[in-house]
Amino acid sequence: MVQPVTGDGVRDRVGERAEVGAFTMREGKRMVQVFTDAKVFTAESEADFATAFRVVDGMIDWVGAESDLGADARIAAHSFGGRVVLPGLLDMHLHPSLMARTADAVQCLPPRVSSVAELTESLRSHHAFDDGDDRWITGTGYDETKYPTGRPPTAVDLDKVSTTQPILVWRADRHSAVCNHRALEIAGIDAATPDPPGARFERGANGKPTGILTERDAVSAVADFIPHPTDEERTHLLAKVGRKLFSRGIVGVCDLLATTWPEPLAIYQKAFEIGPFPRSVLFYGWDPEVPLSDLSAAERTGSARVGGVKILMDGTYSNRTAWVHQPYPKSADSGLRTVSDEDARCAAAWARRNGMQLAVHAMGDRAIEHVVDLFGDEDPWLESQPSVRIEHATLMSPDLIERIRTARMTFGIATHTIFLYSEFEAYDRNLRAEQRAHAYPIKSLYHSIESLALSSDCPATAWSDADDVFVSVEAAVRRRAYNGADIGQNSAVTVAQALLLYTARSAQLTAMQGLGKIAPNYDASFVVLDRDVFTIPDTTISNTRVNETWIRGERVF
């Protein structure tokens, strides 16, 4: 238990008489809030709980037992009525800018859309449908592995919605998409168009594009023609995403591809001007054709700041583009490698020069191993956080985990349970039998890699509530898919362990100063739950809701 602390050489004044307001006391020039009658998970360890804490000017300065408070403090306190209080939650790999950019897209996620026919029908609900030939119709979230036929939609299918309006629908993993023939025409893609490096325009037997766009550069070849909203529109869309994240209890985020929009840092800063917003660390995409400029001091600090650069070593498991050692079942295909060693080293050099992190998307075992081969023997350049983040880290054998743990380079990992949970059919089809025990091995990672986070990758997942932390927590604890299928019982963790991977341990992955714990000298950023997530049946964890979210002593939800 954390004990009362003393500040500035003055004895601790918990319980000392003070001016009392609406759950706020004034001690001289200091604003003091006392919170009691709570089950407070401090995140100091798996088993550290308190019942009360005190906040001074937005910062926690005491945590302990309510019985240690004086009578006056208890009278003035804000009582949580016995509810569970957690540190504010951190999602260290998601895409708020992408969530904002696709706010107007039709949601095509299961269970709402579970066939090609339902997909085409849902696209007719888009606000731009039949509103002019220059208006794009967009959708997001299809997952053909849940369709009765098992086949993805094609341009022919989308032409049934419109042949005159361009249409683009992102797959659930956001690495692939499908468009209609009008969109292909606008983008100038035909049978003679070469595939982009590390990507494909899928083609039929006649060599003509089918409309399926595999991997990001192929998707971008079409998506870049969609008109961008104005800066003001972007700001308000992003602010709306921030309010949603607060409703999930999320107080800090890493945007792992903030350059979905131009000048993303300015848009984030404007969103903070509108109102409270989760603390944000932006990772810029690496484009070897347009190298990033070195950062100014102002870009490295503040509630919204640049934190690193991101490269993609491979694709995804759900569409068999993750780079793997052994070919996929019933196939000779081993996935795609999507970045050269030269470009990876150039991105790392920029990160080292600017004091930033290098984030590497790597899902397949061959991709992850290659990241370690490239950087494992180099000296780290950051002290307070890992120099290299591995994103997703899907297939991790014990030997590979040990290589990462003992490397000279400091590595951190942002991984998930939401993929196996929501995309079971795809992983069941694409993982070899001997690989299943090594898919998202959260328990082994928890005990081996200190800088480790569970995260959502929202909206790049096949689940409409992917940003709901408690869906991922339940999947980590039960290791069951949405349909009850076993997704690795030996990799299950406890509720407390899963929550540490959304709080204190998560804050170590990319330095989130003052977040991740309810402890002295930390921000008073915390959430209040509607049930005791530590004692309820594990089958109901995903039903947990956030009642309140607080930022530095201010209730924002």
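The present account deals with the structure reproduced in this document. All values derive from a computational prediction rather than experimental measurement.

Analysis parameters
- Residues numbered from 1 in each chain as written.
- Predicted model: local features only at pLDDT ≥ 70, side-chain atom pairs only at ≥ 80, totals over all residues.
- Heavy atoms only, no water.
- Pairing = 2+ DSSP bridges.
- Helix = DSSP H or I, 4+ residues; strand = E, 2+ residues; numbered from the N terminus.
- Axes fitted to C-alpha atoms, helices over the stretch in contact; angles between N-to-C directions.
- Phe/Tyr/Trp six-rings, centres within 6.5 Å; stacked < 30°, edge-to-face > 60°.
- Lys NZ or Arg CZ within 6 Å of the ring centre and 35° of its normal.
- Buried < 20%, exposed > 50% of the residue type's maximum accessible area, 1.4 Å probe, protein only.
- Contact = heavy atoms within 4.5 Å.
- Polar contact = N/O pair within 3.5 Å; in protein donor to acceptor, adjacent residues only side chain to side chain.

**Topic: the sheet that holds strand β17 (residues 250-255)**
Inference 1: The 8 strands are arranged β10-β17-β18-β19-β20-β21-β22-β23 in an open sheet whose pairing can be described as parallel. Either end of the sheet is taken by a strand with one partner, and the two such strands are β10 (89-94) and β23 (452-454). Averaged over all adjacent pairs, the angle separating strand axes in this sheet is 25°, with direction ignored.
Inference 2: Two strands pair when backbone bridges link them, and strand β22 (residues 411-415) and β23 are joined in this way by 3 bridges, in the parallel orientation. Bridge pairing links I413 to L452 in β23.

**Concerning the packing of aromatic side chains**
Inference 1: Counting across every chain of the model gives 18 aromatic pairs.
Inference 2: Pairing F35 with F53 gives two aromatic rings, centres 5.0 Å apart and planes at 20°, and the pair type is stacked. Of this pair, F35 sits in strand β3 (residues 30-36) while F53 sits in strand β6 (residues 52-56), and the two are 18 residues apart along the sequence.
Inference 3: Through successive ring pairs, a cluster of aromatic residues spans F35, F53, F80, F526 and W550.
Inference 4: Directly above the aromatic system of F49 lies the positively charged group of K39, at a separation of 5.5 Å from the ring centroid.

**Points about the environment of E46**
Inference 1: Residue position: E46 is located in the loop between β4 (39-41) and β5 (49-50).
Inference 2: Overall, the relative accessible area of 34% leaves E46 in the partly exposed class.
Inference 3: C-alpha of E46 to C-alpha of A498: the two residues are 452 residues apart in sequence and 9.5 Å apart in space.
Inference 4: Filtering out sequence-adjacent residues up to four positions away, E46 remains in contact with F41, Y446, A496, Q497 and L500.
Inference 5: A distance of 2.7 Å separates the side chain of E46 from the side chain of Y446, its partner in a polar contact.
Inference 6: A polar side-chain atom of E46 sits 3.3 Å from a polar atom in the side chain of Q497.

**Here's the deal with unusual backbone geometry**
When glycine is set aside, most residues are seen to have a negative phi, and most peptide bonds are trans.
Inference 1: Going from C458 to P459, the amide bond is cis rather than trans, its omega being 5°.
Inference 2: For P459, the position within the fold is in the loop between β23 and α15 (469-478).
Inference 3: Look at A393: it is not a glycine, yet its phi comes out positive at around 50°.
Inference 4: Among the structural elements, A393 can be located in the loop between β21 (388-392) and α11 (398-406).
Inference 5: A393 sits in the buried class, given a relative accessible area of 0%.

Spatial relationships are all this shows, so hold off on functional conclusions.
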